[in-house]
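Examination of the molecular architecture
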Amino acid sequence: MVNFKTQVTIIGGGPSGLLLSQLLMNEGIDTIVLEKHSKSHVLSRIRAGVLESGTVEILKQAGVGERIDIDGFVHEGTYLSSENKGFRVSFSETVGKSVTIFGQTEVTKDLYQKQEEREANIFFQVKNVNIIDPKCSKTEVIFEDEIGKEIKIVSDFVVGCDGFHGVSRQRIPLNQRKEYERIYPFGWLGILSETPPVSDELIYANTCDGFALCSMRNNNLSRYYLQCDVNTKAEDYSDDYFWKELIKRLPENSKDNLRTGPSIEKSIAPLRSFVVEPLQYGNLFLVGDAAHIVPPTGAKGLNLAVSDVHYLSEGLIAFYRGEGDKKLFNYSKTALNRIWKAVRFSWWMTTLMHEFPGTKEFDRKIKISELEYLSHSSFAQAHFAENYVGIPL
Ligand code: RFL
Ligand code: PHB
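These numbers were taken from a predicted model, which means no experiment stands behind them.

Residues Thr31 and Val33 point to one face of strand β2 (residues 31–34) and Ile32 and Leu34 to the other, with burial holding for every one of them. Bridge analysis of strand β1 (residues 2–11) against β2 gives four bridges, and the strand direction is parallel. Within β2, the position partnered with Ile10 by the bridge is Val33. Handedness of the β-α-β unit built from β1, helix α1 (residues 15–26) and β2 comes out right-handed. Pairing analysis gives three bridges linking β2 to strand β8 (residues 121–123), with the strands arranged parallel. The partner of Leu34 across the bridge, within β8, is Phe123.

Dropping the structure here:
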């Protein structure tokens, strides 16, 4: 067995793990990142597209803000639509803020580049990651590298950034953790197409046929989603079906702008709300999707992962500066406070914008009425905008 020593072992080389490593390395703290897949696999996953302004600030602090400034689109509002009638909520007029459209894949690419420039220690294609005893003062992590060689890392702290299906959360004994979950009875069918976006800002649409979202990556790359049956497969849907169904769900004044073309990616994502408490067990901390999942409707998942990283990095930096462990040991409480606010907003927006199977006419009337209220009330719009752009850290 080969032995390594570091200060912080990070399990997972997605956005959370890479950003944490980068922020810690910037302060001279030594890290090792373990990633289950290859770099190209991590970079092939099409996911988030909306960055809160707080997220952009933290990414800049980590040194990966340059391309966001050049290639990101600043959006000062978004469109919502109810029964094909669209209306706009202005973020700048209600709460004086904006969001930036910039793909998670691009953020991750930039983080890998920065990590490589700094010669960060990253093991790809690791297997059988085992966190030995998080209650021990020095915690061991044993795993197999890409050629099957067994490696042991001894570190002060282990951070689980390994997503919802990772091993870290499972390492907290069942009687020491509580999990909260809601599974939604539908999924999102998403496509990427090399066509100009239908609109200058995102459109979130509710119709009796279900939800649709029009998003974008750049002037010639659109990302669209449709509410779908979660028990189906992406291959079950032709491009032709997708475009016809999308047109049905769009606001009237956008239909003529839709440019269709072949999809270059098609996938289905299930929708779930999930939180584990607490986020610490001994020297093990949980961050990002390893600790919580939100349905993508409120565009909160990546943003929450970044705010977790921010709080935890502050705690670890204070600890290594000799300022004590108070901030670090408060991480779980501080992060959970913000997490639950985003969980509530994502649940609310998902419930408002989707059609639930077996819904009664009464529920439909309530939904239409709530969207109508949102379209006219500056108070309701401010509530929506304040949460959408992100609760301050
Ligand atoms: P990730 O991205 O899942 O990365 C975890 C990494 O850990 C690795 N891993 C392991 N490594 C070592 N050992 C193990 N045993 C391991 N097990 C797993 C995995 O290979 C992976 O590389 O979690 P992270 O870093 O916490 O980042 C979270 C975000 O990816 C996620 O919250 C967002 O993508 C959610 N999300 C959105 N968030 C937003 O803020 N705005 C959006 O607009 C938005 N849109 C979305 C989304 C997620 C979506 N899907 C597919 C669920 C749209 C969609 C469709
Ligand atoms: C995306 O562009 O992928 C996206 C945008 C907004 C969301 C979810 C996903 O709420």
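Turning to the site of ligand 2, a few remarks are in order. Neighbouring ligand 2 are 14 residues; Tyr204, Ser215, Arg217, Tyr225 and Pro296 lie closest to it. Between ligand 2 and the protein, one listed contact pairs an oxygen atom with a side-chain N or O atom of Arg217 at 2.8 Å. Interatomic distance of 3.2 Å between a backbone N/O atom of Thr297 and an oxygen atom of ligand 2. Protein chains bury 97% of the 280 Å² of accessible surface belonging to ligand 2 in isolation.

The subject of this paragraph is the site of ligand 1. In the region of ligand 1, 32 residues are neighbours, and Ser16, Glu35, Gln104, Asp289 and Leu302 sit closest. Pro15 places a main-chain nitrogen or oxygen 3.3 Å from an oxygen atom of ligand 1. Between an oxygen atom of ligand 1 and a main-chain N or O atom of Gly49, the distance comes to 3.2 Å. Coverage of ligand 1 by the protein chains reaches 88% of its 1,000 Å² of free accessible surface. Here the element with the most residues in the shell around ligand 1 is helix α9 (residues 301–320); it accounts for three residues. Considered class by class, the residues forming the shell around ligand 1 number 14 nonpolar, eleven polar and seven charged.

Before going further, it helps to spend a moment on the packing of aromatic side chains. What the rule picks out here adds up to 24 aromatic pairs. Ring geometry for Phe164 against Phe274: centres 5.1 Å apart, planes inclined by 80°, an arrangement best described as edge-to-face. Of this pair, Phe164 sits in the loop between β11 (150–160) and β12 (178–193) while Phe274 sits in strand β16 (residues 263–277), placing them 110 residues apart in sequence. With a relative accessible area of 16%, Phe164 lands in the buried category. A relative accessible area of 3% means that Phe274 is categorised as buried. Grouped by ring-pair contacts, the aromatic residues Phe91, Trp188, Tyr204, Phe211, Tyr225, Phe345, Trp348, Phe384 and Tyr388 constitute a single cluster. The lysine or arginine in question, Lys300, covers the ring of Tyr388, its NZ or CZ lying 5.5 Å from the ring centre.

Below, the discussion takes up the side chain of Glu35. Examined against the element boundaries, Glu35 turns out to sit in the loop between β2 and α2 (39–43). For the buried Glu35, no salt bridge is present, and the opposite-charge side chain at shortest range is Arg45, 5.1 Å distant. Within the local environment of Glu35, its side chain forms a polar contact with the backbone nitrogen of His37, the two atoms lying 2.8 Å apart. Discounting chain neighbours no more than four positions away, the residues touching Glu35 are Gly12, Gly13, Gly14, Val42, Tyr112, Phe123, Phe124, Gln125 and Val126.

By the definition in use, this model includes 26 salt bridges. Close ionic contact of Lys152 with Glu140 constitutes a salt bridge, the shortest N to O distance being 3.8 Å. Of this pair, Lys152 sits in strand β11 while Glu140 sits in strand β10 (residues 139–144), and the two are twelve residues apart along the sequence. It is possible to trace a salt-bridge network through shared partners that takes in Arg67, Asp71, Glu106, Lys109 and Asp110.

Quick look at the side chain of Asp145 now. Looking at the secondary structure, you find Asp145 in the loop between β10 and β11. At a separation of 3.0 Å, a polar atom in the side chain of Asp145 contacts the main-chain amide nitrogen of Ile147. The residues contacting Asp145, other than those within four sequence positions of it, are Phe123, Gln125, Lys127 and Ile151.

Moving on: the nonpolar core. Counting 69 residues, the largest nonpolar core has Leu19, Leu34 and Leu312 as its most contacted members. Considering each element in turn, this core owes the most residues, eight residues, to α9. Setting aside residues no more than four positions away along its own chain, Leu34 makes contact with Thr9, Ile10, Ile11, Gly12, Gly13, Phe123, Val126, Val129, Val141, Phe143 and Ile153. Judged by nonpolar contacts, the second largest core, of 30 residues, contains Tyr184, Leu271, Phe384 and Val389.

Turning our eyes to something else, we now look at the state of the cysteines. Enumeration over the complete set of coordinates arrives at zero disulfides. Cysteine Cys228 is unpaired, with the sulfur of Cys214 as its nearest cysteine sulfur at 16 Å.

Moving on: the pairing of β1. Bridging between β1 and β11 involves nine bridges; their strand directions are parallel. Pairing of Thr9 across the sheet is with Val158, part of β11.

Basis of the calculations
Sequence order as written defines residue numbering, which begins from 1 separately in each chain. Chain letters start at A and ligand numbers start at 1, both assigned in the order the entries are written. Only residues with pLDDT of at least 70 are given local features in this predicted model, and only at 80 or more are side-chain atom pairs given and counted; all residues enter the totals for whole chains, interfaces and linings. Values reported for side chains reflect all heavy atoms of the structure, with hydrogen atoms and water molecules removed beforehand. A 1.4 Å probe rolled over the protein chains alone gives each residue an accessible area, and that area as a share of the maximum for its type sets the label: buried under 20%, exposed over 50%, partly exposed in between. Here a strand is any run of E in DSSP of at least two residues, a helix any run of H or I of at least four, and the numbering for each starts at the N terminus. Being paired, for any two strands, means DSSP has found at least two bridges between them. The handedness of a crossover follows from its direction of travel: if, with the strands pointing away from the viewer, the path from the first strand over the helix to the second runs clockwise, the crossover is right-handed. Any residue with at least one heavy atom within 4 Å of a molecule or strand is counted as near it. Any pair of nitrogen or oxygen atoms within 3.5 Å is treated as a polar contact; in protein, a donor-acceptor pairing is required on top of that, and neighbouring residues in sequence qualify only through side-chain atoms on both sides. Exposure was quantified through the Shrake-Rupley algorithm and a 1.4 Å probe, taking into account, for residues, occlusion by the shown protein chains and nothing else. Residues are sorted three ways: Asp, Glu, Lys and Arg are charged, Ala, Val, Leu, Ile, Met, Phe, Trp, Tyr, Cys and Pro are nonpolar, and all the rest, Gly among them, are polar. Two rings belonging to Phe, Tyr or Trp (six-membered ring only in the last case) form a pair when the distance between their centres is within 6.5 Å. Interplanar angles under 30 degrees mark stacking, angles over 60 mark edge-to-face geometry, and anything in between is tilted. We call a charge positioned above a ring when the Lys NZ or Arg CZ atom is no farther than 6 Å from the ring centre and deviates by at most 35 degrees from the ring normal. Charge counting treats Lys and Arg as positive and Asp and Glu as negative, with His and both chain ends excluded. When a carboxyl oxygen of Asp or Glu is within 4 Å of a side-chain nitrogen of Lys or Arg, the pair counts as a salt bridge. Contacts are assigned to residue pairs with any non-hydrogen atoms lying within 4.5 Å of each other. We call a set of buried residues a nonpolar core when its members are Ala, Val, Leu, Ile, Met, Phe, Trp, Tyr or Cys and they connect through side-chain atoms within 4.5 Å of each other. Disulfides are defined as pairs of cysteine sulfur atoms found within 2.5 Å of each other.

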